[in-house]
Amino acid sequence: MSILLIGFAVLLFLIIVVRMPIAFAMGLVGFFGFAATMGLSWDNWDTYRWTGVLSMASNRVIGTVQNYSLSVIPLFILMGNLVMRSGLSHELYQASNAFLGHRKGGLAMATVVACGGFSAISGSSLATSATMSRVAMPSMRKYGYSDSLAAATIAAGGSLGILIPPSVILVIYGLLTETSIRELFAAGFLPGLLGVLLYLGAVRYVVWRNPAAGPAGEKTAWPDRIKALRGVLGVLGLFVLVMGGIYLGVFTPTEAAGIGAGGAFVIALLRKSLTWSSLFDTFSDTARTSIMLFTVVIGALIFSDFVNRAGLPDYLLSLVTSLDVAPIVVILAIMGIYLLLGMVFESLSMMLLTIPIFYPVVASLGFDLVWFGIVVVIAIEISLITPPVGMNVFVLSAVIRDIKTGTIFKGVTPFWFADIIRLLLVLFIAQIALFLPELLYH
């Protein structure tokens, strides 16, 4: 156990002090930590004695890049990038605004709905926040919305991107825990929809407390509403095709990702939004993001091997057993740890650090790993708007430079409580997450 504690201390030092990328920090600590558990050191270095460690690391690298299931990552990223290039964000916002903009807080509600729709295609919280800030913020300022409500709506709405399928972070969780990706996608749908509804409730609460924060906009005539809705039918059809195909078992997540990327390319061509330059930028951005994610996954798997060999999951399980508490108390304690870590760690880093430690314990206690994955992602969503890190908040403050970070953090408070309510609901009513997977696959 002392080797493990030293490993964690070194890992935190490398990440926080040295600022080493988490992929390399986890890979290095995992490699040399694994060697230390085998009694190896620099003093007894020779290729024969270190064969086991070198074999473990090389197998992780080769196995990850050759994993057919992981091809969904670059394909879904490509689909999201192509959709972003097609100008969908503007049309999603216009369609949402056409139906909701005339209500008090309606523009903020339209932003939440547009964020939910856009994140369902892009799968990225940061991309959703950055994109919707350029689309929705000018309209809300035009109608006199308070900066705190307007910015907080975009920051909170953007956090929906990591849960509503197709979600890259759910794919990575499925890889780390060997859980069915299609079941995770099915399980994320209803909690994601619940998140949208609770965020709409948070907006209503804010304008109820302060009507001046979200004045009503102009009412859109029904012919214009239908026209605005037609603008998103293509991408809506693509989403239904991709996710419906996965849910109904018509094709695998990998095949669905290929169909989605191809469909997004056709939509972008029909909208005449692609040039040779933008197409090159799309492919290069997809490649960079994919390489980054694959590197992070490899580092996390090597670190996971070290953690498992050091016996931390077995130690935690024996500790939990000796405490003689109800299993749900353990889950609540884990959620408390996530909320605390969310104050200082970025979301993907937090998941990669903790999942290898927690999921064996959770599985041993008899909990469903699909349900646990959704609970974890909701907790990570909360971290995206939790001070002092709150990645979505900082992305937004970087894009909208005349709004202070503190103003955005103050505005997201009602949305933070809405997320806590959702987390508790999914914790204690597991069927919210498990209803669709059980209906479709069991």
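Residues numbered from 1 in each chain as written. Predicted model: local features only at pLDDT ≥ 70, side-chain atom pairs only at ≥ 80, totals over all residues. Heavy atoms only, no water.

Asker: Before we go on, may I ask you to explain the overall build of the chain in this structure?
Answerer: In terms of regular secondary structure, the chain is built from 22 helices and 0 strands. Taken over the C-alpha trace, the chain has a radius of gyration of 22 Å; the compact-globule value for 442 residues is 22 Å, and the two agree within 12%. Counting only contacts in the chain whose residues sit at least 6 apart along the sequence, the fraction spanning at least 24 positions is 79%. Here the chain contributes 24 positive and 20 negative side-chain charges, whose respective centroids are spaced 15 Å apart. (Helix = DSSP H or I, 4+ residues; strand = E, 2+ residues; numbered from the N terminus. Rg over C-alpha atoms; globule rule 2.2 N^0.38 Å. Contact = heavy atoms within 4.5 Å. Lys, Arg positive; Asp, Glu negative; His and termini not counted. Charge placed at Lys NZ, Arg CZ, Asp CG, Glu CD.)

Asker: I'm lost on the packing of aromatic side chains in this one. Help?
Answerer: The geometry of two aromatic rings is summed up by the distance between their centres and the angle between their planes. Scanning all chains against the criterion turns up 10 aromatic pairs. Between Phe 303 and Phe 306 the ring centres are 6.1 Å apart and the planes differ by 65 degrees, which places this aromatic pair in the edge-to-face class. One end of the pair is Phe 303 and the other is Phe 306, both in helix 14 (residues 276-310) and 3 residues apart, which spans about a single turn. Per residue, the accessibility class of Phe 303 equals that of Phe 306, and both read buried. Ring centres 5.3 Å apart and planes at 90 degrees place the aromatic pair Trp 416 and Phe 417 in the edge-to-face group. Using a relative accessible area of 47% as the deciding quantity, one classes Phe 417 as partly exposed. Three or more aromatic residues joined by ring pairs make a cluster, and in this case those are Phe 8, Phe 303 and Phe 306. Sitting above the plane of the Phe 34 ring, Arg 309 keeps its charged end 5.3 Å from the centroid. (Phe/Tyr/Trp six-rings, centres within 6.5 Å; stacked < 30°, edge-to-face > 60°. Buried < 20%, exposed > 50% of the residue type's maximum accessible area, 1.4 Å probe, protein only. Lys NZ or Arg CZ within 6 Å of the ring centre and 35° of its normal.)

Asker: Can you help me understand the layout of surface pockets in this one?
Answerer: Over the atoms rolls a probe the size of a water molecule, and its path tells where empty space is left. As a volume, the second largest pocket reaches approximately 590 Å³. Taken together, 23 residues make up the lining of the second largest pocket; nearest its centre are Leu 92, Val 113, Gly 116, Gly 117 and Leu 236. Among the secondary structure elements, those contributing two or more residues to the lining of the second largest pocket are helix 5 (88-100), helix 6 (106-122), helix 10 (181-209) and helix 12 (233-247). The residue inventory of the lining of the second largest pocket, partitioned by class, reads 19 nonpolar, 4 polar and no charged. (1 Å grid on protein atoms, 1.4 Å probe; cavity = no way out; pocket = protein on both sides within 12 Å on 5 of 7 lines; lining within 4 Å. Points joined across faces, edges and corners; volume = space filled by probe spheres on them. Nonpolar A, V, L, I, M, F, W, Y, C, P; charged D, E, K, R; others polar.)

Asker: Can you help me understand the packing of helix 15 (residues 312-323) against helix 17 (residues 347-364) in this one?
Answerer: Any two packed helices are characterised by the angle at which their axes cross and by the distance between the axes. Interaxial distance between helix 15 and helix 17 falls to 9 Å at its minimum, and their mutual angle equals 45 degrees. As judged from the angle between their axes, helix 15 and helix 17 are oblique. Here helix 15 runs over helix 17; the crossing is right-handed. On helix 17, the residues that touch Leu 312, Pro 313, Leu 316, Leu 317 and Val 320 of helix 15 are Pro 356, Ile 357, Pro 360, Val 361 and Ser 364. (Axes fitted to C-alpha atoms, helices over the stretch in contact; angles between N-to-C directions. Parallel < 35°, antiparallel > 145°, perpendicular 65-115°, else oblique. Left-handed = near helix turned anticlockwise from the far one by under 90°.)

Asker: I'm lost on the pattern of salt bridges in this one. Help?
Answerer: Side-chain pairs of opposite charge can arise whenever the charged atoms involved come near each other. Counted by the stated rule, this structure contains 5 salt bridges. Put simply, Asp 285 and Arg 288 hold a salt bridge, and the shortest N to O gap is 3.9 Å. Of this pair, Asp 285 and Arg 288 both sit in helix 14, separated by 3 residues, roughly a single helical turn. Its relative accessible area of 27% is what places Asp 285 among the partly exposed residues. Note that Arg 422 is salt-bridged to Asp 419, the shortest N-O span being 2.7 Å. In this pair, Arg 422 and Asp 419 both sit in helix 21 (residues 413-428), 3 residues apart, roughly one turn of the helix. Looking at Arg 422, the relative accessible area reads 0%, which means it is buried. The exposure class of Asp 419 is buried, given its relative accessible area of 0%. A single salt-bridge network, built from bridges that share partners, covers Glu 381, Asp 419 and Arg 422. (Salt bridge = Lys/Arg side-chain N within 4 Å of Asp/Glu carboxyl O.)

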